[in-house]
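Structure assessment
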Amino acid sequence: MLGEIMERLEAFEKMLSDVRKQSDYEIAQMEKLKTAGKEKSATYRQYFGNRMLYKWILEKYKEYGLIE
């Protein structure tokens, strides 16, 4: 039982880390595209959509008291 709980906690922490890393990466890419005047590109829009998803996920974690 304790082993399963620890595995789930490790999986949660890894997912949280991955979401934060990917979000930071895509924000940086969006800034580069914005600087290049490519805010209407499909890539920029995909990053924007992803960013909204990551934001929603992180807000849910906050709502449930899993992160600050």
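Model, not experiment: these values are computed from the prediction.

Along the chain, Glu26 turns up in helix H1 (residues 2-35). Despite its burial, Glu26 pairs with no opposite charge; the closest candidate is Arg51, at 8.4 Å N-O. For Glu26, the side chain forms a polar contact with the side chain of Asn50, separated by 3.2 Å. Each residue touching Glu26, except ones within four places of it in the same chain, is listed here: Tyr47, Asn50, Arg51 and Tyr54.

Let us look at the environment of Asp24. Counting through the fold element by element, Asp24 comes out in helix H1. Judged by relative accessible area, which is 52%, Asp24 ranks as exposed. Along the chain, Asp24 and Phe48 lie 24 residues apart, while their C-alpha atoms are 12 Å from each other.

Cut-offs and rules
Residues numbered from 1 in each chain as written. Predicted model: local features only at pLDDT ≥ 70, side-chain atom pairs only at ≥ 80, totals over all residues. Heavy atoms only, no water. Helix = DSSP H or I, 4+ residues; strand = E, 2+ residues; numbered from the N terminus. Buried < 20%, exposed > 50% of the residue type's maximum accessible area, 1.4 Å probe, protein only. Lys, Arg positive; Asp, Glu negative; His and termini not counted. Salt bridge = Lys/Arg side-chain N within 4 Å of Asp/Glu carboxyl O. Polar contact = N/O pair within 3.5 Å; in protein donor to acceptor, adjacent residues only side chain to side chain. Contact = heavy atoms within 4.5 Å.

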